[in-house]
Amino acid sequence: MKKTVAIALAVAWMFIAQTQAQAQWIVGQSAPLTGGNAAFGKDIRDGALAYFKSVNARGGVNGRQIDLITIDDRNERKQAGENAQILLRDKKAVALFGFASATLSLDAMPLAEQNNVLFFAPFSGADPVRKASPVVFTLRASYGQELESMLSFWTGFGVKKVVVVHYDDEVGKQNFAVVTDFLSKLNQKPSSISIKRNAKIDPAVIESLVSARPEVMINTVLSGPAAEISKQLTERGMVILTSSLSFVGAQQYITAAGPAASGVSIAQVVPNPAGSAAIVRECAKALQDAGVTATLNSTHLEACIGAKVLTEAMRQAKKPGNSESLLEAMSNLGTYDVGGFVVKYAPNKHHGSSYVSLGMVSRDGRMRN
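Residues numbered from 1 in each chain as written. Predicted model: local features only at pLDDT ≥ 70, side-chain atom pairs only at ≥ 80, totals over all residues. Heavy atoms only, no water.

Side note on helix H11 (residues 278-289)
- Relative to the 16 Å expected for 12 residues at 1.5 Å per residue, H11 spans 17 Å between its end C-alpha atoms, a close match to the ideal helical length.
- Every buried residue of H11 is listed here: Ile279, Val280, Cys283, Ala286 and Leu287. One side of H11 carries all its buried residues, which in axial view fall inside an arc of 130°. The exposed residues of H11 that point more than 90 degrees off its buried face are Arg281, Gln288 and Asp289.
- Summarising the contacts, the buried residues of H11 are in contact with helix H2 (38-57) and helix H12 (298-316). (Helix = DSSP H or I, 4+ residues; strand = E, 2+ residues; numbered from the N terminus. Expected span 1.5 Å × (residues − 1). Buried < 20%, exposed > 50% of the residue type's maximum accessible area, 1.4 Å probe, protein only. Arc of directions from axis to C-beta. Contact = heavy atoms within 4.5 Å.)

A few points about the pattern of salt bridges
- If you walk through the whole model with that rule in mind, you get 14 salt bridges.
- When the shortest N-O distance is used, the salt bridge between Lys196 and Asp168 registers 3.4 Å. With Lys196 in the loop between strand E7 (191-195) and helix H8 (203-212) and Asp168 in the loop between strand E6 (162-167) and helix H7 (170-184), this pair connects stretches of sequence that are 28 residues apart.
- Across the pair Glu207 and Arg236 runs a salt bridge, and its minimum N-O distance is 2.5 Å. Taken together, the residues span a long stretch of sequence, with Glu207 in helix H8 and Arg236 in the loop between helix H9 (223-235) and strand E9 (241-244) at a distance of 29 residues.
- The class for Glu207 is partly exposed, based on a relative accessible area of 38%.
- Beyond isolated ion pairs, a larger network of salt bridges with shared partners links Arg140, Glu146 and Glu302. (Salt bridge = Lys/Arg side-chain N within 4 Å of Asp/Glu carboxyl O.)

A look at the pairing of strand E2 (residues 66-72)
- Where strand E1 (residues 25-31) lies against E2, 7 bridges are found, and the strand directions are parallel. Its bridge partner being in E2, Gln29 is matched across the sheet by Thr70.
- Crossover E1 to E2 through H2 is right-handed. (Pairing = 2+ DSSP bridges. Right-handed = clockwise from strand over helix to strand, strands pointing away.)

What to know about the nonpolar core
- By size, the foremost hydrophobic cluster in this structure holds 118 residues, and its most contacted members are Phe97, Phe120, Tyr253, Val309, Leu310 and Met330.
- Not counting the four nearest positions on each side in its chain, Val309 is found in contact with Phe120, Leu139, Met330, Leu333, Tyr336, Val338, Val343 and Tyr345. (Core = buried A, V, L, I, M, F, W, Y, C linked by side-chain atoms within 4.5 Å.)

Looking at the state of the cysteines
- Counting across every chain of the model gives 1 disulfide.
- Across the disulfide, Cys283 is cross-linked to Cys304 (sulfur-sulfur distance 2.1 Å). Of note, the bridge from Cys283 to Cys304 carries an S-S torsion of about -90° and is left-handed in sense. In this pair, Cys283 sits in helix H11 while Cys304 sits in helix H12, placing the two residues 21 residues apart along the sequence.
- By relative accessible area, Cys283 is classed as buried at 2%. (Disulfide = S-S within 2.5 Å.)

Observations concerning the pairing of strand E10 (residues 265-268)
- Where burial is concerned, the two faces of E10 agree: the one with Ser265 and Ala267 and the one with Ile266 and Gln268 are both buried.
- The sheet contact formed by E9 and E10 spans 2 bridges and is parallel. Among the inter-strand pairings, Ser243 is bridged to a residue of E10, identified as Ser265.
- Each parallel crossover has a hand, and the one from E9 via helix H10 (residues 250-257) to E10 is right-handed.

Section: H9
- Between its first and last C-alpha atoms H9 spans 18 Å; for 13 residues at 1.5 Å apiece the expected length is 18 Å, and the two agree.
- Taken as a whole, H9 has its buried residues at Ser223, Pro225, Ala226, Ala227, Ile229, Ser230 and Leu233.
- Its buried side turned inward, H9 meets E6, E7, H8, strand E8 (216-219) and H10.
- One or two steps after H9, the chain reaches Gly237, where phi turns positive at roughly 80°.

A look at the packing of aromatic side chains
- Scanning all chains against the criterion turns up 10 aromatic pairs.
- Where Phe137 meets Tyr345, the ring centres are 5.9 Å apart and the plane angle is 65°; that geometry is what we call edge-to-face. With a gap of 208 residues between them, Phe137 in strand E5 (residues 136-137) and Tyr345 in strand E12 (residues 342-345) connect regions that are remote in the sequence.
- Phe137 gets classed as buried once you look at its relative accessible area, which sits at 0%.
- A residue is classified by how much of its surface remains accessible, and Tyr345, at 1% relative accessible area, is buried.
- Feature note: the residues Phe52, Phe97, Phe120, Phe137 and Tyr345 constitute an aromatic cluster, connected by ring pairs.
- Between Arg197 and the ring centre of Tyr167, over which it is positioned, the NZ or CZ distance is 4.1 Å. (Phe/Tyr/Trp six-rings, centres within 6.5 Å; stacked < 30°, edge-to-face > 60°. Lys NZ or Arg CZ within 6 Å of the ring centre and 35° of its normal.)

Some thoughts on unusual backbone geometry
- Even without being a glycine, Asn75 presents a positive backbone phi close to 65°.
- As for its placement among the helices and strands, Asn75 is situated in the loop between E2 and helix H3 (77-89).
- Owing to a relative accessible area of 6%, Asn75 belongs among the buried residues under this scheme.

This is the structure we're talking about:
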């Protein structure tokens, strides 16, 4: 008798646990929380988590709390793919959100497609995350749009000798190809400096830069190697005009490079985090309320904006907590102003924004737009 009662209680508790899990919006995220790109990954997590916490404090979405589950991928593609599998299979995520790069998204996106689950707002404007897919929706402008903005600026001043620092992988080579295509229209050809992902800067890289004597360097790599290159060039007394993709992570680069960051221009795909836009104020407050002591930066802000857009799709979903309904809601979201930053989605429009501005790092280590 006692055994029967115990089994019945255990079944009841299992039912309650399952009901509670189903009553949540489970959002899955893979991010580099350790390793060389950990600062970037943590800022992505913190910006999104802060906004979701603010929503939960107000009662959640349609009576359901949002549970952001973030798993460390150490900035490794294989691990990110394995994390996506765990999030979809074991955690039953209704969306995969805010993966930190195109490389980290490559193995996760096919899994999202197989499960018909939304893959939203990867921190990348690279071509692989912008290919036609029924489940992939981006938030930011493309790297092509960023690079064209930079190159138009520099070539407008008569610059001709351009060198591109990029990773020696699929995504890095595609970024170099974008620059090549743009400059070919001006009968110019860029030089290529390729580096290995997750590896220290080889002295030969610096020697190649010095030998190339470029008028402008276009950086398409992360904050760690970009900062190391800047510092080593500064130590040699060399000044090379530099522009970087937003991929670098502006604040992460500024912190890592220190004084060597001064004068570097960085593409921005969200409003100035020190500006007065309503979304900036909202995200800064959410971050503070969540107990994050760091000042709001562009990475926090982009993650927060992405979280707000995803939350709005949840509000419009016909079936709360349902992944297919959420995907449909995102596809039909239409024009949505988050507070000074506008996105637009439709069944045939999966890229929400084309906003690009160029900022420059001042001598006091701040981004000036």
